[in-house]
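Fold and contact review
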Amino acid sequence: MIELINVSKTFGHTEVLHDISIVFEPGKIYGLSGRNGSGKTMLMRMILGFVRPTSGTVKVDGKIIGKDIELAQNIGAIIESPGFLPEFSGYKNLKLLAMIRGVIGEDEIRGAMKLVGLDPDSRKHVGKYSLGMRQRLGIAQALMENPPILLLDEPLNGLDREGVREMRKVLLRQKENGRLLIVASHSKEDTDLLCDEVWHLDQGHIIGHETKK
């Protein structure tokens, strides 16, 4: 579970999040909707612990970010464009990332790549990937350690229509497996088809909330 309790964030005289209170529960997909600069990505960075709130509290599984723990644990994330080493294959990129925590091996990496429609045996360098292939690899990275929570910032960007359909199925399967997903998206179609609840943001304020399912 993730709890945001009266969370605000200012940089100088600019307020980028204003008094946000939301509870995110497992087994659901939550949408964050809004234009660029509305606060969606900042909210995700705050949940991960990359940015501290100016006021308010962020809790992940009952632990306060910045007090009980420095960074949120066991969260798979795509924040903005996934960054990979262009001179290596997709598999090599994921293997290097997996070595940081050392909790998974070859089978999990290969399984995550196959799940998103990528060939783990391909020697094609990521620098030659299409935007859609890079996005699939980013989703594989978020999934490969089997985290209970997924934070996905525009995860379907750059995918063709078939790719969007395939990745929607992948994300819905994660929900069926009991995971908590938070998806930031500009696409109303994506939030309508994927999300149980959608929070609408504008200039750091919550301006609406919808229950979809």
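Conventions adopted
- Residues numbered from 1 in each chain as written.
- Predicted model: local features only at pLDDT ≥ 70, side-chain atom pairs only at ≥ 80, totals over all residues.
- Heavy atoms only, no water.
- Helix = DSSP H or I, 4+ residues; strand = E, 2+ residues; numbered from the N terminus.
- Expected span 1.5 Å × (residues − 1).
- Contact = heavy atoms within 4.5 Å.
- Buried < 20%, exposed > 50% of the residue type's maximum accessible area, 1.4 Å probe, protein only.
- Arc of directions from axis to C-beta.
- Pairing = 2+ DSSP bridges.
- Salt bridge = Lys/Arg side-chain N within 4 Å of Asp/Glu carboxyl O.
- Axes fitted to C-alpha atoms, helices over the stretch in contact; angles between N-to-C directions.
- Parallel < 35°, antiparallel > 145°, perpendicular 65-115°, else oblique.
- Nonpolar A, V, L, I, M, F, W, Y, C, P; charged D, E, K, R; others polar.

Considering helix α5 (residues 161-176)
For α5, built from 16 residues, the straight-helix expectation of 22 Å at 1.5 Å per residue is met to within 8% by its first-to-last C-alpha distance of 23 Å. Contacts from the buried residues of α5 go to β3 (29-33), α3 (106-115), α4 (131-143), β7 (149-153), β8 (180-185) and α6 (188-194). Of the residues one or two after α5, G178 is the one with positive phi, at around 90 degrees.

Some remarks on helix α2 (residues 90-101)
Taken as a whole, α2 has its buried residues at G90, Y91, N93, L94 and A98. Angular distribution of buried residues about the axis of α2 spans 160 degrees; they occupy a single face of the element. In α2, the exposed residues that point more than 90 degrees away from the buried face are M99 and I100. Structurally, α2 contributes buried residues whose contacts are with α3 and α4.

With respect to the sheet that holds strand β5 (residues 63-64)
Where strands meet in a sheet, backbone hydrogen bonds hold them as pairs that are either parallel or antiparallel. Spatial ordering of the open sheet is given by β2-β1-β4-β5, a layout of 4 strands whose pairing is antiparallel. Each end of this open sheet is capped by a strand with a single partner; those strands are β2 (14-24) and β5. Alignment of strand β1 (residues 2-11) against strand β4 (residues 55-60), held across 5 bridges, turns out to be antiparallel. Residue pairing in the sheet places L4 in a bridge with V58 of β4.

Considerations on the pairing of β2
Judged from the 7 bridges that link them, β1 and β2 form a sheet pairing that is antiparallel. Bridging across to β2, E3 finds its partner in V23. Between β1 and β2, which pair antiparallel and follow one another directly, the connecting turn spans 2 residues, one of which, G12, has a positive phi of 65 degrees.

Re the pattern of salt bridges
Taken as a whole and judged by the stated rule, the model has 12 salt bridges. E145 is paired through a salt bridge with R101; the nearest N and O atoms lie 2.7 Å apart. On the criterion of sequence distance, the pair formed by E145 in the loop between α4 and β7 and R101 in helix α2 is long-range, its members being 44 residues apart. Given the relative accessible area of 42%, R101 is considered partly exposed. Put simply, K188 and D192 hold a salt bridge, and the shortest N to O gap is 2.9 Å. Taken together, the positions of K188 and D192, both in helix α6 and 4 residues apart, correspond to about one turn of that helix.

Thoughts on the packing of α4 against α5
Following both chains from N to C, one finds α4 and α5 inclined at 10 degrees, their axes separated by 12 Å at the closest point. Classed by the angle they form, the pair α4 and α5 counts as roughly parallel. Across the interface between the two elements, R136, I139 and L143 from α4 touch G163, E166, M167, V170 and Q174 from α5. Counted by class, the contact of α4 with α5 contains 4 nonpolar, 2 polar and 2 charged residues.

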